[in-house]
Every structure is written in C-alpha cells, then in structure tokens.
Amino acid sequence: MRTQKRGMGYVAIVVDDYDRAIDYYTTKLGFHLVEDTPQPGKRWVVVTPAPDSGCNLLLARASNDHQASFIGNQCGGRVFLFLQTDDFWRDYHFMKENGVHFCGEPRQEEYGTVVVFEDIYGNRWDLYQNA
C-alpha cells in the first residue's frame, strides 16, 4: 500500500481567460504548464513554478459575474501567494526583464530577501528567498 504525506496540491486562482493566463504565468514568471485538459464548458489548467513543486496553481476561468468580480482581488488587496526561490536575484531579474510589475524595491528582512509583485490581474505576491 502506497502512502502519501498530506500537503497542498493545488491553489485555485480565478482568471478571465485560460490562454492569456497560461501565457503570463509561463512566459513572465517562468512557470511550467503541467496540464491543460478540456472538460465540458471549461478546462483543467495547471501550472507550477517547478516540475518537482509540491503545490500547483489551478487557473480557474470565472464562470459568472460574481466569480469575475474576484479576479485580481482574491485576498482583499493583501499579498495572496508566496513564491519561494533558491536564487532571488536570478528570478527577480528574469521577471523584471519580462515586464512583471513590482510594487517596490527588494529588501532584506530577518527571514531573507523579499519583494512584492502583482500578477497580470493585480493579485499581490511575495517573491522571497529564505536567509
């Protein structure tokens, strides 16, 4: 019998268009497309920051006006997602060169290096590397 440890498999993020979201997350943030499977009336679209990542981002297209009202504001304007890296400056420069909007300059905190950025929809993320 195979056992699996508990963990977060997916975090859903509401988007306006699958292809636009796939393009942004893969070309601007350097994520990998894991799956893009058509389903009746929707698609199952999964991206991940790294192939061996334990957590994936499920790109969920809004299916009604209520869901669409949360695009870009899934956490009430607070930082919503935290993208951990093993090379802060590599990823920061890659993202900056690809037009990612940063909300300030990188800073050193007691826990490591961090900067806030916004994705294509305005969701706020932390890019960080532990000290």
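Basis of the calculations
Residues numbered from 1 in each chain as written. Predicted model: local features only at pLDDT ≥ 70, side-chain atom pairs only at ≥ 80, totals over all residues. Heavy atoms only, no water. Phe/Tyr/Trp six-rings, centres within 6.5 Å; stacked < 30°, edge-to-face > 60°. Helix = DSSP H or I, 4+ residues; strand = E, 2+ residues; numbered from the N terminus. Buried < 20%, exposed > 50% of the residue type's maximum accessible area, 1.4 Å probe, protein only. Arc of directions from axis to C-beta. Contact = heavy atoms within 4.5 Å. Polar contact = N/O pair within 3.5 Å; in protein donor to acceptor, adjacent residues only side chain to side chain. Salt bridge = Lys/Arg side-chain N within 4 Å of Asp/Glu carboxyl O. Core = buried A, V, L, I, M, F, W, Y, C linked by side-chain atoms within 4.5 Å.

Asker: Whenever I open this one, the packing of aromatic side chains confuses me. Can you help?
Answerer: Two measures describe an aromatic ring pair: the distance that separates the ring centres and the angle between the ring planes. Applying the stated criterion to the full structure yields 11 aromatic pairs. Measuring from centroid to centroid gives 5.6 Å for Trp89 and Tyr92, while their planes differ by 85 degrees, and the two rings are edge-to-face. On the criterion of helical spacing, the pair formed by Trp89 and Tyr92 is a turn pair, its members being three residues apart in helix 3 (residues 88-97). Owing to a relative accessible area of 43%, Trp89 belongs among the partly exposed residues under this scheme. Taking 4.7 Å as the distance between ring centres and 55 degrees as the angle between the ring planes, the aromatic pair formed by Tyr92 and Phe102 counts as tilted. One end of the pair, Tyr92, is in helix 3; the other, Phe102, is in strand 6 (residues 101-102), with 10 residues separating them in the sequence. Of the two residues, Tyr92 and Phe102, both sit in the buried class. Grouping aromatic residues by their ring pairs yields a cluster made of Tyr24, Tyr25, Phe31, Phe88, Trp89, Tyr92, Phe102, Phe117 and Trp125.

Asker: Sorry, what's going on with helix 1 (residues 18-28) here?
Answerer: For an α-helix, 3.6 residues make a turn, and residues three or four places apart therefore share a direction. Residues Tyr18, Ala21, Ile22, Tyr24 and Tyr25 constitute the buried set of helix 1. Down the axis of helix 1, the smallest arc covering the buried residues is 165 degrees, so these residues share one side. For helix 1, the secondary structure elements touched by its buried residues are strand 1 (10-15), strand 2 (32-39), strand 3 (42-48), strand 4 (56-61), strand 8 (112-118) and strand 9 (124-130). You can read the cap of helix 1 off the contacts: a side-chain oxygen lies 3.2 Å from the backbone nitrogen of Asp19, and it is on Asp17. A positive phi of about 80 degrees marks Gly30, the residue just after helix 1.

Asker: Explain the pattern of salt bridges to me, please; I cannot follow it from the model alone.
Answerer: Side chains that differ in charge, positive against negative, can pair when their charged atoms come close. What the rule picks out here adds up to seven salt bridges. Salt-bridge contacts for Arg90 lead to Asp91; the nearest nitrogen and oxygen are separated by 2.9 Å. Among the salt bridges present, the one from Arg124 reaches Glu118, with a minimum N-O distance of 3.7 Å. Here Arg124 falls in the partly exposed class, since its relative accessible area comes to 26%. Of the residues examined, Glu118 reaches a relative accessible area of 23% and is grouped as partly exposed. Because the salt bridges share partners, they merge into one network encompassing Asp19, Asp36 and Arg43.

Asker: What's the story with the nonpolar core in this structure? I'm lost.
Answerer: Within soluble globular proteins, side chains that are nonpolar tend to cluster in buried spots. If you look at the biggest cluster of nonpolar residues, it comprises 26 residues, and the most contacted ones within it are Tyr25, Leu57, Leu59 and Phe117. Mapped onto this core, the elements with two or more residues apiece are strand 1, helix 1, strand 3, strand 4, strand 5 (79-84), helix 3, strand 8 and strand 9. With five residues, helix 1 is the largest single contributor of residues to this core. When neighbours within four sequence positions are excluded, Leu57 is seen to be in contact with Val11, Ile13, Tyr25, Phe31, Val45, Val46, Val47, Leu81 and Trp125.

Asker: Is there a simple way to think about helix 3 in this case?
Answerer: Every buried residue of helix 3 is listed here: Phe88, Asp91, Tyr92 and Met95. Buried positions in helix 3, seen along its axis, are confined to an arc of 100 degrees and lie on one side of it. In this structure, the buried residues of helix 3 make contact with helix 1, strand 6, strand 8 and strand 9. One or two positions beyond helix 3, positive phi appears at Gly99, with a value near 85 degrees.

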